[in-house]
There are 2 protein chains.
Amino acid sequence: MSHRIITVSREFGSGGREVGKRLAESLGVAYYDREIITAVAEKSGLAEEYIASISERGVNAYYPITFGHTFAYSASPIDPQMEVMAEQNKILKDLAKKGDCVIVGRCADTVVREENPFNLFVYADVQSKLERCRARQAQGEALSDNELKRRMAKVDKDRARYRSLLTDTRWGDKAAYHLCVNTTGWDMRALVDSLAPMVRAWFEKQGK
Amino acid sequence: MSHRIITVSREFGSGGREVGKRLAESLGVAYYDREIITAVAEKSGLAEEYIASISERGVNAYYPITFGHTFAYSASPIDPQMEVMAEQNKILKDLAKKGDCVIVGRCADTVVREENPFNLFVYADVQSKLERCRARQAQGEALSDNELKRRMAKVDKDRARYRSLLTDTRWGDKAAYHLCVNTTGWDMRALVDSLAPMVRAWFEKQGK
């Protein structure tokens, strides 16, 4: 019997990470997000900052996906980036094989699709995302609404681009997900309290 | 205190109607779908078939929205169609003011937006929609997959066009909804059993 895997894709600022974390707690399963970067860094011997720069953004130009080169023999700066993506995908697959879990980001819905995961997309209205971003801003970091909007657009664009390297389905297109939830106006705890039974029911229907 | 209004928009063949009906039963609230056509027909004195042909398709050409003419004085065939839409919108607003309810289709999320409704979008994979259409086909009506796909595309296109007459938000664009649920692989009863508490929690958060 395969595991219960929940993948969470999300718009920047929508609270998807919090939904994923709380959902994992509520379901009593493992939660993977930044942990994936650490694992890739350990496996590859590369710095976490470097991995993080690729982890959800992909490479800086479209490039035929070949993994023939090792890190050592890479002829172009794009090759090691592709290797990082490949390593990350391998780790995601290993995690999904290990046991029930929630995986946030990194196009996991596509990467672990053979496990028949439940794919959740989390989004919100712009105003609600601005408020969330502002609430979690580091002290002293006072970005204007327009600067925050630009950052949100940039991060989401990177995520969409990362996805486009791995699959034809479009990032954020509801067709690729089982459920798309707008967090605007929700209390996160109440939202997850009602999401968890739905996810459980879904897996029961799948015989998991 | 305003009422708990749930609007259900749906792709043709996704089972949105069933979700709406079961949700209304589960929440113990009124359910409106075909009933709206009957009401418009009674109010306007026009045939139900005529109302049905406009009810979710809108008029046959884009036309400035003016309701200055009465049925009797309409100079163009588009005017009575616009009157039917206007009458339908008025009835939707009246229903939403009357009490808690589920309204299926007819761009109700936009029409009754002042009631702060919970807006649900129901969709499914093409294969799953084909199977559902086939299961509910009238005896003797044996459409090919391609014919069914064309019908699905046509109905959805009409719904999108109807929406475009009333609002700038795009039909099926998740941003316009609180929740988008993919019915593929679900047992409808199990799905609604887990949707109902979520909708209840949403209204509680809104103080309804």
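Nothing here was measured: the structure is a model prediction, and the numbers come from that model.

Chemist: Could you give an account of the overall build of chain A, naming the residues involved and the relevant values?
Modeler: Within chain A one finds eight helices and five strands. Seen in sequence order, chain A has helices and strands lined up from the N terminus as β-α-β-α-α-α-β-α-β-α-α-β-α. Taking the intrachain contacts of chain A between residues at least 6 apart in sequence as the baseline, contacts between residues at least 24 apart amount to 72%.

Chemist: Before we move on, can you summarise the nonpolar core with the specific residues and values?
Modeler: Core analysis: the biggest nonpolar cluster contains 51 residues, and Ile6, Leu23 and Leu120 of chain A together with Leu120 of chain B have the highest contact counts within it. Dropping the residues within four chain positions of it, Leu23 of chain A is found in contact with Ile6, Leu120, Val192, Leu195, Ala196 and Val199 of chain A. Core analysis: the second largest hydrophobic core is formed by 23 residues, Ala41, Met82, Ala108 and Leu165 of chain A among them.

Chemist: Outline the environment of Cys180 of chain A, listing residues and values.
Modeler: All names here are of chain A. Residue placement: Cys180 occurs in strand β5 (residues 179-182). Owing to a relative accessible area of 0%, Cys180 belongs among the buried residues under this scheme. For the pair Cys180 and Asp94, spaced 86 residues apart in sequence, the C-alpha to C-alpha distance is 26 Å.

Chemist: Pulling in residues and values, what's your account of the interface of chain A and chain B?
Modeler: On the side of chain B, 25 residues touch chain A, which itself brings 25 residues to the contact. With both chains or domains summed, chain A and chain B bury close to 2000 Å², and 65% of this area falls on carbon and sulfur atoms. When the area that chain A buries against chain B is broken down by residue, the three leading residues are Lys174, Trp186 and Met198 of chain A, summing to 30%. Counting across the interface, chain A meets chain B through zero salt bridges. Where the side of chain A that touches chain B is concerned, the elements lending two or more residues are β4 (118-123), β5 and α8 (188-205) of chain A. Of the residues forming the side of chain A that touches chain B, the biggest block, seven residues, is contributed by α8 of chain A. Among the residues forming the side of chain A that touches chain B, the class breakdown is 13 nonpolar, seven polar and five charged. The pairing of β5 of chain A with strand β5 (residues 179-182) of chain B spans three bridges and is antiparallel. Within the sheet, the bridge partner assigned to Val181 of chain A lies in β5 of chain B and is Leu179 of chain B.

Chemist: Give a description of the relation of the copies chain A and chain B that names residues and reports values.
Modeler: Superposing chain A onto chain B takes a rotation of 180 degrees combined with a translation of 0.0 Å along the rotation axis, leaving an RMSD of 0.0 Å. Classification of the inter-copy transformation places it as that of a two-fold axis. In terms of proximity to the rotation axis, the leading residue of chain A is Cys180 of chain A, whose C-alpha is 2.5 Å off the axis.

Chemist: Residues and numbers for the side chain of Ser14 of chain B, please.
Modeler: Residues and elements named next belong to chain B. Along the chain, Ser14 falls in the loop between β1 (5-10) and α1 (16-27). A polar contact of 2.8 Å, which involves the side chain of Ser14, links it to the backbone oxygen of Glu11. If we skip the residues at most four places from it in the chain, Ser14 touches Val122, Tyr123, Ala124, Lys129, Arg132, Thr183 and Met188.

Chemist: Explain the pattern of salt bridges residue by residue, including any values.
Modeler: Residues and elements named next belong to chain A. Counted by the stated rule, this structure contains 24 salt bridges over all chains. Across the salt bridge formed by Asp109 and Arg163, the nearest N and O atoms sit 2.7 Å from each other. You can see Asp109 sitting in helix α5 (residues 108-111) and its partner Arg163 sitting in helix α7 (residues 145-166), a full 54 residues away along the chain. Take Arg163: its relative accessible area is 2%, and that puts it in the buried class. Between Arg159 and Asp156 there is a salt bridge; the shortest N-O distance is 3.9 Å. In this pair, Arg159 and Asp156 both sit in helix α7, three residues apart, roughly one turn of the helix. An identical accessibility class is assigned to Arg159 and Asp156; each is buried. Each of Arg17, Asp33 and Arg106 takes part in salt bridges that share partners, so that together they form one network.

Chemist: Could you give an account of the packing of helix α2 (residues 34-44) of chain B against helix α3 (residues 48-55) of chain B, naming the residues involved and the relevant values?
Modeler: Residue and element names in this part refer to chain B. Look at α2 against α3: their axes get within 9 Å of each other, and the N-to-C directions meet at 125 degrees. Judged by the angle between their axes, α2 and α3 are oblique. Our pair here, α2 against α3, has a crossing hand that is right-handed. Where α2 abuts α3, its residues Arg34, Ile37, Thr38, Val40, Ala41 and Ser44 lie against Glu48, Ile51, Ala52 and Ser55. Here the contact of α2 with α3 is built from residues that sort into five nonpolar, three polar and two charged.

Chemist: I'd like a description of the environment of Val8 of chain B, backed by residues and values.
Modeler: Residues and elements named next belong to chain B. As for its placement among the helices and strands, Val8 is situated in strand β1. Classification of Val8 by relative accessible area gives buried; the value is 1%. For Val8 and Gly20, which are 12 residues apart along the polypeptide, the C-alpha to C-alpha distance reads 6.3 Å. Each residue touching Val8, except ones within four places of it in the same chain, is listed here: Gly16, Gly20, Val102, Ile103, Val104, Gly105, Leu120 and Val122.

What counts, and where the lines are drawn
- Residues numbered from 1 in each chain as written.
- Chains lettered and ligands numbered in written order.
- Predicted model: local features only at pLDDT ≥ 70, side-chain atom pairs only at ≥ 80, totals over all residues.
- Heavy atoms only, no water.
- Helix = DSSP H or I, 4+ residues; strand = E, 2+ residues; numbered from the N terminus.
- Contact = heavy atoms within 4.5 Å.
- Core = buried A, V, L, I, M, F, W, Y, C linked by side-chain atoms within 4.5 Å.
- Buried < 20%, exposed > 50% of the residue type's maximum accessible area, 1.4 Å probe, protein only.
- Buried area = accessible area lost by both parts, 1.4 Å probe.
- Salt bridge = Lys/Arg side-chain N within 4 Å of Asp/Glu carboxyl O.
- Nonpolar A, V, L, I, M, F, W, Y, C, P; charged D, E, K, R; others polar.
- Pairing = 2+ DSSP bridges.
- Least-squares fit on C-alpha atoms with pLDDT ≥ 70 in both.
- Polar contact = N/O pair within 3.5 Å; in protein donor to acceptor, adjacent residues only side chain to side chain.
- Axes fitted to C-alpha atoms, helices over the stretch in contact; angles between N-to-C directions.
- Parallel < 35°, antiparallel > 145°, perpendicular 65-115°, else oblique.
- Left-handed = near helix turned anticlockwise from the far one by under 90°.

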